[in-house]
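# A closer look at the structure
These are the residues of each chain, in order.
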Amino acid sequence: MSTHDTSHTAVRRSRGRTESQRPAENGSVRQHDNHTNMSNTTLGKEDMERMKAELIRHVQSRLNELLERALSDSMQALCRDTHTDHTHTQDRHKPDQGKVFVARCSLLDELFEISHIRTIYHMFIAALLLFIISTLAVDYIDQGRLVLDFDLFYYAFGQLGTVIWAWTLMFAYTLLGPYYILSVWASLNHSRGWRTCVSALAALTLCAAQTSMLGIFPVYIVLHYQLPPASRFIIILEQIRFVMKSYSFIRETTPAVLKNTPQKGASLPYPSLSSYLYFLFCPTLIYREVYPRNPSIRWNYVGMNSLKILASLFYLYFILVRLCIPVFRNKSNQPFSTRTFILALFHASFPGMLMLMLGFYAFLHCWLNAFAEMLRFADRMFYRDWWNSTSFANYYRTWNIVVHDWLYYYGYRDFLWLTGHKLRSVATMSVFAVSALVHEYAFTLGFGFFYPVMFCTFAGIGVVFNFAMNDKRKSPVWNIILWTCLFIGQGIHVCLYCVEWYAQIQCPRTGTSFWELVTPRSWTCSYQ
């Protein structure tokens, strides 16, 4: 009996101790679970760090491969140019004598592969949709119906039939005129007794033909037919392009003909007509007989760039309709004053900057890449990262590589050669002056009035900024200053040209004297 009670008491004590120990055991279990979670979190962080390190190594290896490939292609191109046989060496440009074309993609095509950059692109698309929605909403409020009126397009691109046949004549001359004049001169140039006479006669004939067909003829078409603005710009810009293309062909072919004396019975090396025809359409202003070519054409890429060009035109239309025309049409009813100018300038800065970026994207990226793809032209470096520039000197070099190369090789370098590699500052200023004159010429004939805003900002302020904000400026602050100057400059252009446009409508000229033609109407027009 006592033994049973003792054992029963021991069992109860043991059970009590067990029950009293359970909270401690539960606490230890929780601590174990927390420790396990912390270990898992630590392992997860270590895995993330390991994956991050592997990703960085992978990206670095890919970048190294791309850099090595680019360097290898460049070296191969240099080797091809320098290690050719003797009969072709004399009429080829060495790397230190001219531009070397290398197969490479456009910078924006590479940047758009990055999701962050692509998001900025999507933001611009969203802004276009916002313009469309706001235009539809205003039309619905004002007229009680949804209207998308594109009368501005119909007006700006009027008389396209005249533009087409005038362009055809200019193109036909540019293709056949310089080519066959130089061909005849090349075939007769190496005759002993008539070399000077043949050269003088060929030069006079070429100058007369160039002046007639690429100088006087386009201006006559623009003025005689009173073309609307967009049609005017098509004719004038194509005139400038044909002049630059034909000059490059003449400039590259003439030295080769003079250096190469054909052997008896051998034909004179002269460029083929097909290579010159290809040059007239490919997106470069530097003539070469051979360019790097891609193996195939990506027609979906061509189609997408064409759609982007069309979308950019609609973008420009909505910017003009929503941000420019309503404001400056009202400004035309107000007397011109300092207050009016300041308000209009800052209002025009944002649409002006949008126009600049649209022009860059639509033409320098989409248009040139579309033609390059259709022609399998492999060198797509039409611009560099001008948006990162901390100096105006670098901005001018990287904004438009196509035109910059032409100005550099045929303007700046030839000027230095003529002056014995002296007067570099004078060479730079002369290039600025030529570029400013051509820009002003295009704007004057395109808008139909003389208002030298572009010339003053380009040849005046642009030259000052080129020397003041030079390549020594590396701080990001200078990039902010550059963008601020671009905003203000575009505001000045849009403001003054729009005010003058409506002043020409409100106060048309009554005479044809020289001073009346060159005096801006916005300075003297008194609005009623």
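A quick note: this is a predicted structure, and the numbers were derived from the prediction, not measured. Here the residue numbering is sequential within each chain, running from 1 through the sequence in written order. Confidence filtering applies because this is a predicted model: local features only for residues at pLDDT of at least 70, side-chain atom pairs given and counted only at 80 or more, and all residues used for totals across whole chains, interfaces and linings. Working from all heavy atoms in the structure, the side-chain values ignore hydrogens and water.

Our focus in this paragraph is the overall build of the protein chain. Only DSSP runs of H or I with at least four residues qualify as helices, and only runs of E with at least two residues qualify as strands; both kinds are numbered from the N terminus onward. Counting secondary structure elements, the protein chain contains 18 helices and zero strands. Considering the protein chain as a whole, with its 528 residues, one finds that 37% of them fall into the buried category. At a minimum sequence separation of 6, the contacts of the protein chain that also span at least 24 residues come to 75%. In this description, accessible areas are obtained by the Shrake-Rupley approach with a 1.4 Å probe, and a residue is regarded as covered only by the protein chains that are shown. Surface exposure of the protein chain reaches about 31,200 Å², of which carbon and sulfur atoms provide 66%. Residue burial is assigned from relative accessible area. The probe radius is 1.4 Å, only protein chains are included, and a residue is buried under 20% of its type maximum, exposed over 50%, and partly exposed in between. Any pair of residues with heavy atoms lying within 4.5 Å of one another is described as a contacting pair.

Residue glutamine 159 is not a glycine yet carries a positive backbone phi of 55 degrees. The topology assignment puts glutamine 159 in the loop between α5 (151-156) and α6 (160-189). Using a relative accessible area of 36% as the deciding quantity, one classes glutamine 159 as partly exposed. A positive phi angle is found at glutamine 226, which is not glycine, with a value near 50 degrees. Summarising the element assignment, glutamine 226 is placed in the loop between α7 (195-224) and α8 (229-259).

With that out of the way, let us pick up the UniProt feature "active site" (unreviewed entry) in the protein chain. According to UniProt, the "active site" (unreviewed entry) feature falls on His439. Here histidine 439 is to be found in helix α14 (residues 424-447). Residue contacts for histidine 439: discarding those within four places in its chain leaves Met454 and Phe458. UniProt positions are given in the numbering used here, feature names are shortened, and annotations may be inferred rather than shown by experiment.

Its location among the elements puts tyrosine 247 in helix α8. Taking the C-alpha atoms as reference points, tyrosine 247 and isoleucine 286, 39 residues apart in sequence, are found 9.4 Å from one another. Ignoring any residue separated from it by four or fewer positions in sequence, one finds tyrosine 247 in contact with Trp406, Tyr410 and Asp414.

When two rings of Phe, Tyr or Trp (its six-membered ring) have centres within 6.5 Å they constitute a pair, described as stacked for plane angles under 30 degrees, edge-to-face for angles over 60, and tilted for the intermediate range. On inspection of all chains with the given rule, the structure shows 55 aromatic pairs. Between the aromatic rings of tryptophan 165 and tyrosine 225, the centroid separation amounts to 6.0 Å while the plane-to-plane angle is 80 degrees, which identifies the pairing as edge-to-face. Linking tryptophan 165 in helix α6 with tyrosine 225 in the loop between α7 and α8, this pair joins segments that are 60 residues apart in sequence. A residue is classified by how much of its surface remains accessible, and tryptophan 165, at 35% relative accessible area, is partly exposed. For tyrosine 225, a relative accessible area of 31% corresponds to the partly exposed category. Joined through ring pairs, the aromatic side chains of Phe360, Tyr383, Trp386, Trp387, Phe392, Tyr395, Tyr396, Trp399, Phe432, Phe458 and Trp483 make up one cluster. Two conditions define a charge sitting above a ring: the NZ of Lys or the CZ of Arg must be within 6 Å of the ring centre, and it must be within 35 degrees of the ring normal. When the ring centre of tyrosine 301 is taken as origin, the NZ or CZ atom of arginine 298, which lies over that ring, is 4.3 Å away.

Our next topic: a nonpolar patch on the surface. On the surface, a nonpolar cluster with roughly 480 Å² of combined accessible area is contributed by Phe157, Leu160, Ile164, Ile234, Leu310 and Leu313. Looking at the nonpolar patch, the elements that each hand over two or more residues are α6 and α10 (299-331). Overall, leucine 160 belongs to the partly exposed group, its relative accessible area being 41%. Patches here: salt-bridge-free residues with over 30% relative accessible area, like charges joined within 9 Å, nonpolar side chains (Val, Leu, Ile, Met, Phe, Trp, Tyr) joined within 5 Å. Salt bridges are defined as contacts in which a side-chain nitrogen from Lys or Arg sits within 4 Å of a carboxyl oxygen from Asp or Glu.

A few words now on the UniProt feature "transmembrane region" (unreviewed entry) in the protein chain. The feature "transmembrane region" (unreviewed entry), as given by UniProt, occupies residues 120-141, 153-176, 197-223, 268-287, 307-328, 340-364, 449-468 and 480-503 in the numbering adopted here. As annotated, residues 268-287 has a helix share of 45% and a strand share of 0%, and its two end C-alpha atoms lie 19 Å apart. Across residues 340-364, the secondary structure splits into 100% helix and 0% strand, with the terminal C-alpha atoms separated by 34 Å.

Overall, the coordinates contain seven salt bridges when judged by the stated rule. Its salt-bridge partner being aspartate 379, residue arginine 104 comes within 2.7 Å of it at the nearest N-O pair. Of this pair, arginine 104 sits in the loop between α2 (86-89) and α3 (107-111) while aspartate 379 sits in the loop between α11 (338-374) and α12 (392-399), and the two are 275 residues apart along the sequence. By relative accessible area, which is 4% here, aspartate 379 ends up buried. Here arginine 380 ties to glutamate 373 by a salt bridge, and the two come within 2.9 Å at their closest N and O atoms. Of the two residues, arginine 380 and glutamate 373, both sit in the buried class.

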